[in-house]
Amino acid sequence: MSSTAPLSTPAIASKSAAAIDRAKAAGRAALVAYLPAGYPDVQATIDAGIAMARNGADLIEIGIPYSDPVMDGPVIQAATVEALAKGFRVASVFDVVAGITAATHAAVLVMTYWNPVMRMGVDEFARRLAEAGGAGLITPDLIPDEAAEWFAASDKYGLDRVFLVAPSSTPERVAMTVAASRGFIYAVSIMGVTGARDSVSSAAESVVAAAHNAGAERVCVGLGVSRPEHVREIAAYADGVIVGTALVAALRDGGVPAVAALTRELSSGFAPAAGE
């Protein structure tokens with residue numbers, strides 16, 4: 001089974017790894033900021049992505065709206081439903097990626113369930129993502145055991161492949177996931193769906209430790225991160241902090257200026273607290 005999960009090819013330069021390493025060289029964890037493509041429209045997503053990159057985000061994660069999400073909470077679901085209702089098409093995600101990469105130095109990844117990639121064709125999707133300047137894919141519902149076609153396409157086009165580990169992942173599964181990934185490992189901090197929460201799950205640190213112990217050089221934590229104090233807490237043990245729902249809500253309530261302001265506020269979580 002593990003034979004379908006080859007070790008990452010050293011010759012391929014990872015844009016995600018480079019972005020995380022730049023943050024690490026500056027003495028901090030990386031900030032990974034998420035928005036769904038096409039919300040409230042394609043140009044607004046591009047503008048918001050640029051604003052996030054210019055206000056402290058090191059990596060931008062663009063989600064493809066999907067009619068049957070398994071991981072998204074109510075805020076992101078509502079945004080994707082709106083994007084789909086306005087006629088968003090999968091091919092438009094490449095316009096979003098190209099628009100952000102043309103104006104910033106952030107690494108831009110696409111987060112997507114696997115069905116839209118299969119429908120377009122894995123090689124075709126990978127080619128277009130690479131041409132748009134994208135760094136790679138985050139694939140919540142694709143496991144290394146079933147990713148042979150994605151391994152081939154990501155190697156062919158020099159793309160990162162980010163798989164997920166969770167509190168329920170066995171040591172064997174974590175090891176397989178680490179071997180299959182390139183760029184970073186996405187550590188899910190809770191068993192559940194996305195959404196802003198008052199506190200970060202205590203399981204997050206152990207999930208990160210398990211991935212590091214399995215050989216992962218870079219592990220980013222997502223699900224439930226919404227405040228600077230969350231960023232600060234996670235940055236103590238993870239290589240990157242992923243924020244989604246809070247940014248989507250900011251875009252919904254205050255447009256691009258609100259997204260810029262929240263990104264600045266979240267990035268302040270990397271600064272030492274008063275008295276330190």
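The model shown is predicted, which means the values in this text are computed figures rather than measured ones. (Residues numbered from 1 in each chain as written. Predicted model: local features only at pLDDT ≥ 70, side-chain atom pairs only at ≥ 80, totals over all residues. Heavy atoms only, no water.)

I keep staring at the overall build of the chain and nothing clicks. Help me out?
A count of helices and strands for the chain gives 11 helices and nine strands. In the chain, of all internal contacts separated by at least 6 residues, the share reaching a separation of at least 24 is 74%. Carbon and sulfur atoms form 53% of the exposed surface of the chain, whose accessible area is close to 11000 Å². (Helix = DSSP H or I, 4+ residues; strand = E, 2+ residues; numbered from the N terminus. Contact = heavy atoms within 4.5 Å. Areas by Shrake-Rupley, 256 points an atom, 1.4 Å probe, with all protein chains shown as cover.)

Teacher, can you tell me more about the sheet that holds strand 9 (residues 240–243) here?
What links the strands of a sheet is backbone hydrogen bonding, and the strands pair in either a parallel or an antiparallel sense. Strand order in the open sheet formed by nine strands is 5-4-3-2-1-9-8-7-6, with parallel pairing between adjacent strands. Each edge of the open sheet is held by one strand with a lone partner, namely strand 5 (160–162) and strand 6 (164–165). Across four bridges, the pairing between strand 1 (residues 30–36) and strand 9 is parallel. Pairing of Ala 33 across the sheet is with Val 243, part of strand 9. (Pairing = 2+ DSSP bridges.)

What is the right way to read the nonpolar core from this model?
The tendency in soluble globular proteins is for nonpolar side chains to be buried as a group. By size, the foremost hydrophobic cluster in this structure holds 92 residues, and its most contacted members are Ile 60, Trp 150 and Tyr 186. A per-element tally of this core places helix 11 (residues 245–267) first, with eight residues. Those residues in contact with Trp 150 that sit more than four places away from it in its chain are Trp 114, Val 122, Ala 126, Leu 137, Leu 142, Leu 159, Asp 160, Arg 161 and Phe 163. (Core = buried A, V, L, I, M, F, W, Y, C linked by side-chain atoms within 4.5 Å. Buried < 20%, exposed > 50% of the residue type's maximum accessible area, 1.4 Å probe, protein only.)

Can you help me understand the side chain of Ser 14 in this one?
Secondary-structure assignment places Ser 14 in the segment before helix 1 (15–25). The exposure class assigned to Ser 14 is buried, which follows from its relative accessible area of 14%. At a separation of 3.4 Å, a polar atom in the side chain of Ser 14 contacts the main-chain amide nitrogen of Ser 16. If sequence neighbours within four positions are ignored, Ser 14 has contacts with Asp 160, Arg 182 and Gly 183. (Polar contact = N/O pair within 3.5 Å; in protein donor to acceptor, adjacent residues only side chain to side chain.)

Before we go on, may I ask you to explain helix 9 (residues 203–213) in this structure?
An α-helix turns once every 3.6 residues. As a result, residues three or four positions apart point the same way. Within helix 9, the full set of buried residues consists of Ala 204, Val 207, Val 208 and Ala 211. The buried residues of helix 9 occupy an angular sector of 100° when the element is viewed end-on, so they sit on one face. As for helix 9, its buried residues are in contact with strand 6, helix 8 (171–180), strand 7 (185–188) and strand 8 (219–222). Positive phi shows up at Gly 215, right after helix 9, with a value of about 105°. (Arc of directions from axis to C-beta.)

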